[in-house]
Amino acid sequence: MHFIDIWLGLILLGISSGLTITRRSVLDTLREDIKNGHIPMKGVNLGGWLVAENWMTKGSPAWNGVPDDIANKGEYQTMQHLGHAKGDDQFKRHRDSFITEQDFRDISAAKMNTVRIPVGYWITGFDNSGGGDPNGWRVFAPNAINYLDRAIREWAPRYNLVVLISFHAAKGSQNGMDHSAPSDPGKSHWGNYPENVRNTLDAVEWLARRYNSDAAFLGIGLLNEPSGTTPENVLKQYYYDAYGRIRLFSNCLLVVAPLLYQQGPYDSDWRNYMSPPNWYNIRHEWHRYQIWGFEGWDENRLISYAQNDLKNAVNAWTGNWLFIGEWSIASSANFNNDDDLRRYAQAQLDAFKGATGGWTFWTWKFYNDDGSRNGWSMKAMINRGFIQL
């Protein structure tokens, strides 16, 4: 009986190893096919998870006892208000409950291949930049890195998904908005102080080194939605420097984003920036929302815009392969007719077929929004048949 047990154990070990090798092979192929432009990213953002946003997670324990005027300023202000005695536990419960393995299973079942995960500079657990507030990262609840580890090393490979890390919240804030967790809300200090840029370079290099050998690691979005007082020349030099550091050891995908108001094919000289063959495995990122600046538009006008203007803008782009890092079917229009909402979603998906880099929808879900008709929630939109992949 002892020998039979050993024999069966070896068989099971062989089967398990074979499955692991097969899964690795599938992920290696998917990752390289995306990097080589053979297939586009087709995915979703896990917004509000590791960089918390109150407006989309209001029911989360993270915000217990936090007034809206503080919560709406982001995670830094919230943790300053709560302190570690309360805040650490509340954010742990938020991270444990908001995104789970089931979400990765559902994303894969919906025929997507990529998850884009926003992170903040505090995830590294250090700041060696030598300036500013060297202890700012300590304000945040610790151990966010454990969740990113789990996403990249367990959940994503288990369901044949690859992960694009989005550097969403930089030291000093690159846009002053709540999703960059600013210490000085409404102000963007990132590009005005060299120590902030140094910290971001250290952080993206650290993340790339940590995950470079993981099959599900696709790459890094080097900075999300830079805007405000961020100088364009500082931003471009940062991208050059990040590329130089990371290419010493990795050929992972690197995504560069222009300033937030530069979301068209002819803005500045981005179409000629970091061009191949001297630069490789780069995507140029746009965030195209038909919300701000589209107030008062009705359903037909929005659909027509997506079918024509949006499609033409995507097709006119001539720089590095285009990636639509964020988009949504939320709008100021009242899509009371289900067929109109489906047409609007499909018009955007059709427009993005011209983006070789693909797209990731913002966002996967809101807190406790199952069954809702929330145009920001891809999970809800898929479940109700408004988005069909």
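Residues numbered from 1 in each chain as written. Predicted model: local features only at pLDDT ≥ 70, side-chain atom pairs only at ≥ 80, totals over all residues. Heavy atoms only, no water.

The name that an unreviewed UniProt entry assigns to the chain is glucan 1,3-beta-glucosidase, with the source organism given as Rotaria sordida. Quoted verbatim from the Catalytic activity (unreviewed entry) field of the UniProt record, the comment on the chain reads "Successive hydrolysis of beta-D-glucose units from the non-reducing ends of (1->3)-beta-D-glucans, releasing alpha-glucose." (UniProt positions renumbered as here; feature names shortened; annotations may be inferred.)

Enquirer: What is the right way to look at the overall build of the chain in this model?
Expert: Along its length, the chain carries 11 helices and eight strands. What you see for the chain is a C-alpha radius of gyration of 21 Å, in line with the 21 Å of a compact globule of 389 residues. Taken over 389 residues, the chain has a buried fraction of 56%. Intrachain contacts of the chain at a sequence separation of at least 6 include 77% that bridge at least 24 residues. Taken as a whole, the chain presents about 16,000 Å² of accessible surface, with 50% of it coming from carbon and sulfur. A distance of 3 Å separates the average location of the 38 positive side-chain charges in the chain from that of its 41 negative side-chain charges. (Helix = DSSP H or I, 4+ residues; strand = E, 2+ residues; numbered from the N terminus. Rg over C-alpha atoms; globule rule 2.2 N^0.38 Å. Buried < 20%, exposed > 50% of the residue type's maximum accessible area, 1.4 Å probe, protein only. Contact = heavy atoms within 4.5 Å. Areas by Shrake-Rupley, 256 points an atom, 1.4 Å probe, with all protein chains shown as cover. Lys, Arg positive; Asp, Glu negative; His and termini not counted. Charge placed at Lys NZ, Arg CZ, Asp CG, Glu CD.)

Enquirer: Just checking my understanding: could you explain the pattern of salt bridges for this structure?
Expert: Pairing between side chains of opposite charge can happen when their charged atoms approach one another. Going through the model one piece at a time under the given rule, you end up with 26 salt bridges. Between Arg-31 and Asp-28 there is a salt bridge, with its nearest N and O atoms 2.9 Å apart. Of this pair, Arg-31 and Asp-28 both sit in helix α1 (residues 2-35), three residues apart, which is roughly one turn of the helix. Glu-75 serves as the salt-bridge partner of Arg-95, at 3.6 Å between the closest nitrogen and oxygen. Taken together, the positions of Arg-95 in helix α4 (residues 84-98) and Glu-75 in helix α3 (residues 75-82) put the pair 20 residues apart, joining distant regions of the chain. Take Arg-95 and Glu-75: they sit in the same class, and that class is buried. In this structure, a network of salt bridges that share partners links the residues Arg-24, Asp-28, Arg-31, Glu-32 and Lys-35. (Salt bridge = Lys/Arg side-chain N within 4 Å of Asp/Glu carboxyl O.)

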